[in-house]
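The lines below spell out each chain.
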Amino acid sequence: MRNLLKYFRKDKNPSAALAKERLQIIISHERIHSSNRANLLTSMQKELVEVIARHLNIDTHKVREQVKFDFAQNDGHSVLELNITLPDEDIVAAR
Amino acid sequence: MNGKHVVAEIIVVTSGKGGVGKTTTSAAFATGLAQRGNRTVVIDFDVGLRNLDLIMGCERRVVYDFVNVINGDATLRQALIKDKRYDNLFILPASQTRDKDSLDKEAVGRILNELKQEFDYIVCDSPAGIERGAFLAMYYADSAIVVTNPEVSSVRDSDRILGILSSKSKRAEEGSEHIKEHLLLTRYSPTRVERGEMLSVNDVLDILSVPLLGVIPESQAVLRASNSGTPVIVDSESDAGQAYTDAVARFLGEDRPHRFIENTKPSLLKRLFTKKREGVSA
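As the structure is a prediction and not an experimental result, all values here were calculated from the model. (Residues numbered from 1 in each chain as written. Chains lettered and ligands numbered in written order. Predicted model: local features only at pLDDT ≥ 70, side-chain atom pairs only at ≥ 80, totals over all residues. Heavy atoms only, no water.)

### Focus: the overall build of chain A
Right, so step 1: Summing up its helical and strand segments, chain A has four helices and two strands in all.
Right, so step 2: Order of helices (α) and strands (β) in chain A, N terminus to C terminus: α-α-α-α-β-β.
Right, so step 3: Relative to its full complement of 95 residues, chain A shows a buried share of 17%.
Right, so step 4: Looking at chain A as shown, the accessible area adds up to about 7,500 Å², and 54% of this sits on carbon and sulfur atoms. (Helix = DSSP H or I, 4+ residues; strand = E, 2+ residues; numbered from the N terminus. Buried < 20%, exposed > 50% of the residue type's maximum accessible area, 1.4 Å probe, protein only. Areas by Shrake-Rupley, 256 points an atom, 1.4 Å probe, with all protein chains shown as cover.)

Structure representation (structure tokens):
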């Protein structure tokens, strides 16, 4: 009898919606970590160092080692963290 | 060569995940292209786990295979098996060798080039996974049919494969025009989608954003076809067969509306009386 009732009840099982949500999260995460995105991060890092070198009189090779990129994902949002450490003596006033 | 194509087109049927219907699709698609008058060859890239021959119903006529041709033990002409239904359709079976490294990139390219002289379409049935066989099946492709089930692991693997197609293929390496991607959603159940139990066509399209080539409904006709070694597209009465026919037509540039996506909602009485004919379209 319960099965019969179940059959006639218009029960919207939400599992497909859950599947979609989980997929969207994991796939966007994996796309960022895929090789293409890794290249993107490397080239972004390179370009940023170039931009900094354009404005500050610095040794680009030295600075490159001090630029740290970090990609983190917390619940619901992603954080792209960029950390640049400039040694005091390298920072000369803008040209 | 019937002169329809100046340059033959290489199509890879791929998915990442196993068991989603790559071989069923390769067999159906190659047969569909042949039905429309194209000289077509379908190649099994699943070295060690040959199965396309069974689905095409030519397993007892395999003498030489892909690896024999690569090693020069047989000519292409000797290894190609002519389909028993269509004389413009040929099958190149995979080897049953356990040596996975028997396929080599240059040799595969050489054989594909040789086939290009003779055929309009070369369909490459990729093995599951992302290893050598799968890589070589897609490396030389001009277009890709990504076979996906409306299910989380299959969708995720398809996304991975799409990434590999756009970064590791010959076209990607040369920086030439991208491989043309097509999504084929298989084992689709409109009834379960309606109940919210299964990802819908639009859900999958939202996630993968690849043009939809077709939706093949979950159908008893597919098992029936493989039982008898007949590509399901030959069963023109069946829903899956018709869905494949539509997909082939779309691939060739025809504009056909998608069928078998909506639940046709038969009345209870009709459902009781048509139960026996499931797998046959109304």
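Still more ground to cover, so stick around.
### A closer look at the sheet that holds strand β3 (residues 81-82) of chain B
Residues and elements named next belong to chain B.
Right, so step 1: The mixed open sheet is built from eight strands, whose spatial order is β3-β4-β2-β5-β1-β6-β7-β8. Across the chains shown, the open sheet's two edge strands, defined by having one partner strand only, are β3 and β8 (212-217).
Right, so step 2: Across five bridges, the pairing between strand β1 (residues 9-14) and strand β5 (residues 121-125) is parallel. Its bridge partner lying in β5, Val12 is registered against Cys124.
Right, so step 3: Sitting on the sheet, helix α1 (residues 22-35) touches β1, β2 (40-44), β4 (89-92), β5, β6 (143-148), β7 (180-188) and β8, and the angle it makes with β5 is about 170°.
Right, so step 4: Along the sheet, helix α5 (residues 105-118) contacts β1, β2 and β5; its crossing angle with β5, the most-contacted strand, is approximately 140°. (Pairing = 2+ DSSP bridges. Contact = heavy atoms within 4.5 Å. Axes fitted to C-alpha atoms, helices over the stretch in contact; angles between N-to-C directions.)

### Observations regarding the pairing of β6(B)
Residues and elements named next belong to chain B.
Right, so step 1: Counting buried residues in β6 gives six out of six residues, a clear majority hidden from the surface.
Right, so step 2: Burial along β6 is two-sided: the residues Ser143, Ile145 and Val147 and Ala144, Val146 and Thr148 are all buried.
Right, so step 3: Relative to β7, β6 runs parallel, the two being bridged by six bridges. Paired with Ser143 across the two strands is Lys180, which belongs to β7.

Purely spatial values, then, with no claim about function.
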